Structures are given as structure tokens and as C-alpha cells.
Amino acid sequence: MHARSHRYRVTVVWTGDRGRGTADYRAYGRDHRIESPGKPPVEGSSDPAFRGDATRWNPEELLLASLSACHKLQYLHLCAEAGVVVTAYRDEAEAEMVEEGVGGRFVGATLRPLVTICAGCDSELARALHHEAHARCFIASSVNFPVACEPAIREA
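As annotated in an unreviewed UniProt entry, the chain carries the name OsmC family protein and is attributed to Roseomonas gilardii.

A.B. asks: Which parts of the structure should I look at to understand the sheet that holds strand β2 (residues 32–35)?
C.D. replies: Strand-to-strand pairing in sheets goes through backbone hydrogen bonds, with the strands running parallel or antiparallel. Taken in spatial order, the three strands line up as β1-β2-β3 in an open sheet, and their pairing is antiparallel. The outermost strands of the open sheet, each flanked by one partner alone, are β1 (11–14) and β3 (42–44). Across the sheet, the mean angle from the axis of one strand to that of its neighbour is 25°, orientation sign disregarded. In this sheet, β3 lies alongside β2 in antiparallel orientation, the contact comprising three bridges. Looking at the pairing, Arg 33 lines up with Glu 43 of β3.

A.B. asks: What is the right way to read the domain arrangement of the chain from this model?
C.D. replies: Frequently, the measure chosen for interface size is the accessible area that the parts lose on association. One can read the domain layout of the chain as domain 1 (11–50) and domain 2 (59–155). Computed over C-alpha atoms, the centres of domain 1 and domain 2 are 29 Å apart. Listed by partner, the interface residues are four residues for domain 1 and five residues for domain 2. Around 320 Å² of area is buried between domain 1 and domain 2 when both sides are counted, 73% of it from carbon and sulfur atoms. Here domain 1 is connected to domain 2 by zero salt bridges. At the surface where domain 1 touches domain 2, the tally comes to zero residue pairs in polar contact (both at pLDDT 80 or more). Taken together, the residues of the side of domain 1 that touches domain 2 sort by class into two nonpolar, one polar and one charged.

A.B. asks: How should I be thinking about the pairing of strand β6 (residues 103–111) in this particular structure?
C.D. replies: Looking along a regular strand, one sees the side chains alternate between the two faces of the sheet. Summarising the sheet, strand β5 (residues 94–100) and β6 pair through seven bridges and their orientation is antiparallel. Note on β6: the bridge partner recorded for Glu 99 is Gly 104. Between β5 and β6, which follow one another and run antiparallel, lie two residues, and Gly 101 among them has a positive phi close to 65°. Note that β6 and strand β8 (residues 147–149) share three bridges and pair parallel. Paired with Thr 110 across the two strands is Ala 148, which belongs to β8.

A.B. asks: Quick question: what am I supposed to make of helix α1 (residues 59–82) here?
C.D. replies: Three- or four-residue spacings in an α-helix give side chains the same orientation, since the helix completes a turn every 3.6 residues. Here α1 is 24 residues long and its end C-alpha atoms lie 35 Å apart, about the 34 Å a rise of 1.5 Å per residue gives. Among the residues of α1, those classed as buried are Leu 64, Leu 67, Ser 68, Cys 70, His 71, Gln 74, Tyr 75, Leu 78 and Cys 79. Among the residues of α1, the N-terminal cap falls to Asn 58, whose side-chain oxygen and the backbone nitrogen of Glu 60 are separated by 3.0 Å. Following α1 by one or two positions, Gly 83 adopts a phi angle in the positive range, close to 80°.

A.B. asks: What's the story with the nonpolar core in this structure? I'm lost.
C.D. replies: If you look at soluble globular proteins, the nonpolar side chains tend to sit buried side by side. Counting twelve residues, the largest nonpolar core is built from Tyr 75, Leu 78, Cys 79, Val 84, Tyr 89, Val 115, Ile 117, Cys 121, Ala 126, Leu 129, Ala 133 and Ile 153. For this core, the secondary structure elements donating two or more residues are α1, β7 (113–117) and α2 (123–136). By size, the runner-up hydrophobic cluster in this structure holds ten residues, among which are Leu 64, Phe 106, Phe 145 and Val 147.

Rules behind the numbers
- Residues numbered from 1 in each chain as written.
- Predicted model: local features only at pLDDT ≥ 70, side-chain atom pairs only at ≥ 80, totals over all residues.
- Heavy atoms only, no water.
- Pairing = 2+ DSSP bridges.
- Helix = DSSP H or I, 4+ residues; strand = E, 2+ residues; numbered from the N terminus.
- Axes fitted to C-alpha atoms, helices over the stretch in contact; angles between N-to-C directions.
- Domains from an automatic or database assignment.
- Contact = heavy atoms within 4.5 Å.
- Buried area = accessible area lost by both parts, 1.4 Å probe.
- Salt bridge = Lys/Arg side-chain N within 4 Å of Asp/Glu carboxyl O.
- Polar contact = N/O pair within 3.5 Å; in protein donor to acceptor, adjacent residues only side chain to side chain.
- Nonpolar A, V, L, I, M, F, W, Y, C, P; charged D, E, K, R; others polar.
- Expected span 1.5 Å × (residues − 1).
- Buried < 20%, exposed > 50% of the residue type's maximum accessible area, 1.4 Å probe, protein only.
- Core = buried A, V, L, I, M, F, W, Y, C linked by side-chain atoms within 4.5 Å.

Here is the structure:
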């Protein structure tokens, strides 16, 4: 099988200069804007624990959102192929990051998708497809921490 390559580009623009640049740690804002042509911008900052704006997305939330969204997209694809009709999908995902010295790292994430399938669909197959979706998720395959999945399946 021939490998295909995909490239992605975004522009991150720092918008947190308060007139003194980075003169000291408290002098600047952590705000930024994530841009990509033809898409609405994403207003970002750092986590409030690191002097960020709680009303904006932080990189840690965006990483968790990427894990959740990638899993969902793979899962819906597999369900469509297997004849499992999904009518709703909601994931209450969580992740943990630990600070160590001057850095930090994620130590784990848990996806908790609540999936609604049509009456009469195979709920055991719907549950099992989460394992395959995880194995196919581009983002989960790229991170160096465990990603667990605790799905709940209900019939409409």
C-alpha cells in the first residue's frame, strides 16, 4: 500500500502585546488568534493557571477536542459502513496534564461518547466499533499518552 501525505497549515497571531511586549512575565497577555483561509478564526489564550483568558480556547483544550473529534469522525464512518445508524453523538471528554519542573505533559485522556442509535440496530456492534475507531484515529495514534474510551450506547 502506498502512503499518502497530507499537509496542514494554520497561522497563529499573538494579540497579547499590552504596549510593553514581554518586558516581564506579567506585562503581556497570552491571547492569540488561530487562522486558516476561509474559516472563522479561533480566539485562543493559555490556560488560566498560566495567566490566560478563561473565555478563550487554550492549547490543552484544543488537543483534547482534536482527540474527541477524530474519534467521532472515524466512529461515524465505521458505523455507516457497518449499517449502524447513529442519530446522536455527544462526548464528555477529559484529559489530565501534569506539570513537571519547567514543563508539563499530558498523562492520559478519556473519551466518554454517548451514542444514540436507531431502534433495532446492533448495540453490541455499535459498542465494539469504538475499539476500531480508536485504532484508526490519526490524533490518538500521534500522541504519547494513553487515550481511553468509555462509550455508552442507547437506542432511540
